[in-house]
Amino acid sequence: MTRTMTAADRQAEIDRILARHAGREGPLLPILHDIQAALGHVPEAVIPTIAHALNLSRAEVHGVISFYHDFHVEPHTRPVIKLCRAESCQARGVEALAATLAGETRVAIEPVYCLGLCSVGPNAMVGDTLHARLDATKFAALVECVA
Amino acid sequence: MSVVVRISDDALAIACGADAVAAAFAAAGCTVERISSWGMHWLEPLAEIAGEGFGPLTPGDVAAVLAGNSPLSIGAIAAHPFIARQQRFTFARAGQTRPLSLDDYAATGGWAGLARARELGPEATIAEVTQSGLRGRGGAGFPAGIKWTTVSRAVSARKYVVCNADEGDSATFADRMVMEGDPFMLIEGMAIAGHAVGADMGYVYIRSEYPHAIAKMQAAVELAAAHIAPFRVEVRVGAGAYVCGEETSLLNSLEGKRGEVRAKPPLPAIEGLFGKPTVVNNVLTLAAVPWILAHGGAAYAAVGFGRSRGTMPIQIAGNVRHGGLFEVGFGVTLGELVMEIGGGTASGRPVRAVQVGGPLGAYHTPDDFHLPFDYESFAAADGLIGHAGLSVFDDTADMSALARFAMQFCAVESCGKCTPCRIGSTRGVEVIDRIRARSGREADRVEALPQMHNARKAPRTLAEEVSLLEDLCETMKFGSLCALGGFTPYPVLSALRHFPEDFGIAAPAQEAAE
């Protein structure tokens, strides 16, 4: 759906999002979350619009987007699996698990530091869906399912 | 009347397959109730039928459970040793109520704390919290009553209550379980705080890695609005920055700025969100408040150890057989938690190290198993309890790799405001890499220039690299603005001190010097 959005559609969507958050305290993060949810990413081209609406400089908006790991200015070209690489998952063997898919190019395996399921790791998240107790078989199946 | 089956809808249970098990019970004609998690994670998905527990279940086990011949029965859940040994104040409803049911909440003592606070008035409410001895559960352990007093005395037309739900530490999930399992309790705690200090607006800042907690809290805030009015609560979502768990960074993030740490003073209690006096408390701190108000501060203070009063929801995780949430009065020993309650490692191998307090906490060896779990005892042992997460490692753990990870994590997550953290973490990774590679360090191109008379030309030895790492840690510890840079030395130095063999040295330089 996001792929077929025209420039005019996109502008209308951004205007709707900005209008929805008008008058809120500290609205920039909620706005960026909504734009990323709607468009799949936060394109550089929307920065001036946001900056104008919030009376910020473009540099300030860019600074916020680039500070947070969640926001990205380019669309993802591959499906993303967020694999927890924090200590508790390391204790449960996530590094060996990650090594089993070292050559995998169809999906992007991104690190995430803790999904809060630390007693049943290794864990991964795809979109908002959580996967726990991963072993090599389950992880490979997850990759097949996502790719 | 069909059989009532109770299964958790906590994110961990769902990740372990609880939805499919619930669907299988429903297909078999049972009435399925989705409740909060008991916190016995190794048994999830755990189903309860008339008090008896079954787990961990797959859809294929459902028929045997209903036929009454399942080998996965654990008997009465409430009598299970993991549950029976606990003292549950904050998690009193865990496993027993439907998270978003206002009826269940009211029927189990919900809103009693807020009602009593309104009866007492702001000053007496703060006095109860002060008397309870409740300390900040986010890690710093600052007395909540003193913080609230400061905010209540600050003169301002507008004040805020901010709940720090940016639970980024590995091995911690108690905040998530509160938000997903008992969200009204947290909202009630925030409303009590607002009433006590004179704030009418509260924000819950939840990390984006917790989509289930965000959804539950948003739903709960709407449902509870009438109970807490005129106080209002709004849920805000983080964006993947670990450092936003630091309170001033969190405030900047809430304001829509980069999550950079602010220098203190001014304290957030005086100049916090949008420059207004602000109570910033962790989820567990605020969640403890309704119990304290309902039962009295003295009853809470009656439990505990030394200056650490009340209970702590301890999170047992990592390579451990019986991982989960264990709430108990302060003073239980580390060894009891890991070996008796946690049952040792899941892999069956000996425990080599336990990291206490998340990625900024020290690694402890079994020699520290006698330590009572409280703020002061761990500080005296060069550690910290932090948010009370335990990450257990077996004897295959490579401690110099974990020390390197601590520095790397700090480098990835540093906000960049102060130099010791921003630069020191990267230099730390490099030094540990050289120590691990036993490569020493040659003079670089600039140092080799003829005009660099004072630069050292000889390669650095391993012992010199180790003392350089210690020096760097010292600088980070005392020179960083916040706990990210300031506490990263804890895992690094504890690994170096307890496991010198993993760094290729017989004994650490500091001990040799003593």
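Residues numbered from 1 in each chain as written. Chains lettered and ligands numbered in written order. Predicted model: local features only at pLDDT ≥ 70, side-chain atom pairs only at ≥ 80, totals over all residues. Heavy atoms only, no water.

A. Main features of the overall build of chain B. When helices and strands are counted, chain B shows 22 helices and 16 strands. For chain B, whose C-alpha radius of gyration is 24 Å, the value lies close to the compact-globule estimate of 24 Å for 514 residues. By principal-axis analysis of the C-alpha atoms, chain B measures approximately 90 × 60 × 40 Å. In chain B, which comprises 514 residues, the share counted as buried stands at 60%. Accessible surface for chain B amounts to roughly 18,300 Å². Of this, 55% is attributable to carbon and sulfur atoms. A gap of 6 Å separates the mean positions of the 43 positive and 55 negative side-chain charges of chain B. (Helix = DSSP H or I, 4+ residues; strand = E, 2+ residues; numbered from the N terminus. Rg over C-alpha atoms; globule rule 2.2 N^0.38 Å. Buried < 20%, exposed > 50% of the residue type's maximum accessible area, 1.4 Å probe, protein only. Areas by Shrake-Rupley, 256 points an atom, 1.4 Å probe, with all protein chains shown as cover. Lys, Arg positive; Asp, Glu negative; His and termini not counted. Charge placed at Lys NZ, Arg CZ, Asp CG, Glu CD.)

B. Just the domain arrangement of chain A, in detail. Splitting chain A by domain gives domain 1 (7–67) and domain 2 (80–146). Averaged C-alpha coordinates put domain 1 of chain A and domain 2 of chain A at centres separated by 31 Å. (Domains from an automatic or database assignment.)

C. Broad picture of the nonpolar core. Core analysis: the biggest nonpolar cluster contains 197 residues, and A:Tyr68, B:Trp148, B:Ile206, B:Ile314, B:Phe373 and B:Leu390 have the highest contact counts within it. It is helix 10 (residues 183–197) of chain B that contributes the most residues to this core, ten residues altogether. Residue contacts for B:Trp148: discarding those within four places in its chain leaves B:Ile126, B:Val129, B:Ile192, B:Ala193, B:Ala196, B:Val197, B:Val279, B:Asn281, B:Leu286 and B:Val289. Membership of the second largest hydrophobic core comes to 15 residues, among which are B:Ala13, B:Ala24, B:Ile49 and B:Val65. (Core = buried A, V, L, I, M, F, W, Y, C linked by side-chain atoms within 4.5 Å. Contact = heavy atoms within 4.5 Å.)

D. View of helix 17 (residues 399–413) of chain B. In a regular helix each residue adds 1.5 Å, so 15 residues correspond to 21 Å; helix 17 of chain B covers 21 Å between its end C-alpha atoms and thus fits that length. Listed as buried for helix 17 of chain B are B:Met399, B:Ser400, B:Leu402, B:Ala403, B:Phe405, B:Ala406, B:Met407, B:Phe409, B:Cys410 and B:Glu413. (Expected span 1.5 Å × (residues − 1).)

E. Quick peek at the interface of chain B and chain A. Taken together, the contact between chain B and chain A spans 64 residues of the former and 37 residues of the latter. Buried surface at the junction of chain B and chain A, both sides included, amounts to about 3,600 Å², of which 56% is carbon and sulfur. When the area that chain B buries against chain A is broken down by residue, the three leading residues are B:Ala239, B:Arg258 and B:Phe405, summing to 16%. Across the chain B-chain A interface, the total number found is two salt bridges. (Buried area = accessible area lost by both parts, 1.4 Å probe. Salt bridge = Lys/Arg side-chain N within 4 Å of Asp/Glu carboxyl O.)

F. A look at the domain arrangement of chain B. Looking at chain B, the domain boundaries give domain 1 (4–80), domain 2 (102–301), domain 3 (304–397) and domain 4 (400–442 + 459–513). For domain 1 of chain B versus domain 4 of chain B, the distance between C-alpha centres works out to 46 Å.

G. Focus on the pattern of salt bridges. Residues and elements named next belong to chain B. Enumeration over the complete set of coordinates arrives at 38 salt bridges over all chains. The partner of Asp395 in a salt bridge is Arg349, and the shortest N-O contact between them spans 2.6 Å. Note that Asp395 is positioned in the loop between strand 16 (389–394) and helix 17 and Arg349 in the loop between helix 15 (334–341) and strand 14 (351–356), a separation of 46 residues in sequence. The partly exposed category is assigned to Asp395, whose relative accessible area is 33%.

H. Structural context of the sheet that holds strand 4 (residues 129–131) of chain A. All names here are of chain A. Strands sit in the order 2-1-3-4 across an open sheet of four strands; the sheet is mixed. The strands lining the two open edges of the sheet, one partner per strand, are strand 2 (108–112) and strand 4. Averaged over all neighbouring strand pairs, the angle between strand axes comes to 30°, with direction disregarded. Where strand 1 (residues 80–84) lies against strand 3 (residues 124–126), two bridges are found, and the strand directions are antiparallel. Of the residues in strand 3, the one forming a bridge with Lys82 is Met125. Running over the sheet, helix 7 (residues 136–146) touches strand 1, strand 2, strand 3 and strand 4 and is turned about 155° from strand 1. (Pairing = 2+ DSSP bridges. Axes fitted to C-alpha atoms, helices over the stretch in contact; angles between N-to-C directions.)

I. Structural detail: the packing of aromatic side chains. For the structure shown, the criterion picks out 20 aromatic pairs over all chains. Where B:Trp42 meets B:Phe82, the ring centres are 5.0 Å apart and the plane angle is 70°; that geometry is what we call edge-to-face. One end of the pair, B:Trp42, is in the loop between strand 2 (31–35) and strand 3 (47–49); the other, B:Phe82, is in helix 4 (residues 81–84), with 40 residues separating them in the sequence. Assigned by exposure class, B:Trp42 and B:Phe82 land together as buried. The interplanar angle of 80° and the centroid separation of 5.0 Å between the aromatic rings of B:Tyr105 and B:Trp111 together place this pair among those described as edge-to-face. When its relative accessible area of 2% is taken as the criterion, B:Tyr105 is described as buried. An aromatic cluster of at least three residues, connected via ring pairs, comprises A:Tyr113, B:Tyr242, B:Phe405 and B:Phe409. (Phe/Tyr/Trp six-rings, centres within 6.5 Å; stacked < 30°, edge-to-face > 60°.)

J. Examining the pairing of strand 8 (residues 232–237) of chain B more closely. Residues and elements named next belong to chain B. For strand 7 (residues 201–206) and strand 8, the ladder comprises six bridges, and the chain directions are parallel. By the bridge assignment, Met201 is partnered in strand 8 with Arg232. For the crossover from strand 7 across helix 11 (residues 211–228) to strand 8, the handedness is right-handed. (Right-handed = clockwise from strand over helix to strand, strands pointing away.)

K. Here's a closer look at the side chain of B:Arg262. Residue and element names in this part refer to chain B. Locating Arg262 in the fold gives a position in the loop between helix 12 (247–254) and strand 9 (278–282). Among the polar contacts made by the side chain of Arg262, one reaches the main-chain carbonyl oxygen of Gly272 at a distance of 3.1 Å. With residues near it in sequence (within four places) discarded, Arg262 still touches Thr248, Leu251, Asn252, Glu255, Glu271 and Gly272. (Polar contact = N/O pair within 3.5 Å; in protein donor to acceptor, adjacent residues only side chain to side chain.)

L. Quick look at the state of the cysteines. For the structure shown, the criterion picks out zero disulfides over all chains. A disulfide-free cysteine, B:Cys415 has its sulfur positioned 6.4 Å from the sulfur of B:Cys482, the nearest such atom. (Disulfide = S-S within 2.5 Å.)

M. How the structure looks around the sheet that holds strand 2 of chain B. All names here are of chain B. Overall, mixed pairing links the five strands, which are arranged 2-1-3-4-5 in an open sheet. Looking at which strands have only one partner, the edges of the open sheet turn out to be strand 2 and strand 5 (73–76). Averaged over all adjacent pairs, the angle separating strand axes in this sheet is 25°, with direction ignored. In this structure, strand 4 (residues 52–54) lies alongside strand 5, joined through three bridges in antiparallel fashion. Paired with Gly53 across the two strands is Gly75, which belongs to strand 5.

N. Layout of the confidence of the model for chain B. All names here are of chain B. This prediction gives chain B a mean pLDDT of 95; 98% of its residues lie at or above 70. Every residue in residues 508–514 is under pLDDT 50, and counting partners more than four places away or in other chains gives seven contacts. As scored by the predictor, the complex reaches a pTM of 0.95 and an ipTM of 0.96. (pLDDT = per-residue confidence, 0-100.)

O. Expanded view of the environment of A:Cys84. All names here are of chain A. Within the secondary structure layout, Cys84 lies in strand 1. The exposure class assigned to Cys84 is buried, which follows from its relative accessible area of 2%. Between the C-alpha atoms of Cys84 and Tyr113, which are 29 residues apart in sequence, the distance is 5.5 Å. For Cys84, the residues in contact, after removing those within four places along its chain, are Cys89, Val94, Val112, Cys114, Leu115 and Asn123.

P. Broad picture of the side chain of B:Thr345. Residue and element names in this part refer to chain B. The topology assignment puts Thr345 in the loop between helix 15 and strand 14. Among the polar contacts made by the side chain of Thr345, one reaches the main-chain amide nitrogen of Gly348 at a distance of 3.0 Å. Sequence-distant contacts of Thr345, defined by excluding residues within four places in its chain, comprise Asn319, Val320, Arg321, Pro350, Val351, Val392 and Asp394.

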